[in-house]
Amino acid sequence: MSPIQSSKSEHVGALWPDDLPRPKPAPKRPPGRLFTLDTLALKGITYSRNYLRRLWQAGKFPRPLYLSERRPAWTEAQLDEWIAEREAERDGGRVR
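Our subject in this report is the structure included herewith.

The rules behind each value
- Residues numbered from 1 in each chain as written.
- Predicted model: local features only at pLDDT ≥ 70, side-chain atom pairs only at ≥ 80, totals over all residues.
- Heavy atoms only, no water.
- Helix = DSSP H or I, 4+ residues; strand = E, 2+ residues; numbered from the N terminus.
- Buried < 20%, exposed > 50% of the residue type's maximum accessible area, 1.4 Å probe, protein only.
- Areas by Shrake-Rupley, 256 points an atom, 1.4 Å probe, with all protein chains shown as cover.
- Polar contact = N/O pair within 3.5 Å; in protein donor to acceptor, adjacent residues only side chain to side chain.
- Core = buried A, V, L, I, M, F, W, Y, C linked by side-chain atoms within 4.5 Å.
- Contact = heavy atoms within 4.5 Å.
- Salt bridge = Lys/Arg side-chain N within 4 Å of Asp/Glu carboxyl O.
- Arc of directions from axis to C-beta.
- Pairing = 2+ DSSP bridges.
- Axes fitted to C-alpha atoms, helices over the stretch in contact; angles between N-to-C directions.

Brief notes about the overall build of the chain
On a plain count of helices and strands, the chain comes out with 3 helices and 3 strands. Moving toward the C terminus, one meets the helices and strands of the chain in the order α-β-α-β-β-α. Here the chain, with 96 residues, has 20% of them falling under the buried criterion. Summed over its atoms, the accessible surface of the chain is roughly 7,900 Å², and 54% of this surface lies on carbon and sulfur atoms.

With respect to the environment of E89
Positionally, E89 belongs in helix α3 (residues 76–90). Of note is the side chain of E89, whose polar atom sits 2.9 Å from the side chain of R86.

Things to note about the nonpolar core
In terms of nonpolar packing, the biggest core is built from 10 residues, these being F35, L40, I45, L52, L55, W56, F61, W74, L79 and W82. Contributing elements (two or more residues each) for this core: α2 (49–57) and α3. In terms of residue count, the dominant contributor to this core is α2 (3 residues). L55 has contacts with Y47, K60 and F61, leaving out every residue within four places of it along the chain.

Focus on the pattern of salt bridges
Summed over the entire model, instances satisfying the criterion amount to 6 salt bridges. We note a salt bridge from E89 to R86, for which the minimum N-O separation is 2.9 Å. You can see E89 and its partner R86 sitting in helix α3, 3 residues apart, about one turn around the helix. Where R90 meets D91, a salt bridge forms, and the shortest distance between an N and an O atom there is 2.9 Å. Connected through shared salt-bridge partners, K43, E76 and D80 make up one network.

Remarks on α2
Of the residues making up α2, those classed as buried are L52, L55 and W56. Within α2, the buried residues cover an arc of 90 degrees as seen down the axis, which keeps them to one side. Among the exposed residues of α2, those pointing more than 90 degrees away from its buried face are R54 and Q57. Contacts from the buried residues of α2 go to β2 (65–68) and β3 (71–75). Once α2 finishes, G59 follows within two positions and takes phi at roughly 80 degrees, a positive value.

Considerations on the sheet that holds strand β1 (residues 34–36)
Reading across the sheet, the 3 strands line up as β1-β3-β2 and stay open at both edges, with antiparallel pairing between neighbours. Strands at the two margins of the open sheet, each flanked by one partner only, are β1 and β2. On average, adjacent strands in this sheet sit at an angle of 45 degrees to one another, irrespective of strand direction. Most of the contacts of α3 go to β3, to which it runs at about 70 degrees, and overall it touches β1 and β3.

See the structure below:
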């Protein structure tokens, strides 16, 4: 069968030459928007860098992922969960 007459599944493999390594898939990115130290205030979190570091080292604030060596960031889901926990503490453990 010629490549033009071959089925789609046979043809897809022919698109990438066997002698070349296939590219690695992109790493999975955390879902949601990312917030850096500069944008945490949009969520009402106005702590300093040093205080945030003390909180996450004590396990009282989500650990960041680093965009670069000195650029921590948090996903919106992490921050929303942390805020919900603070609200539950305020409300005596009741979850809305």
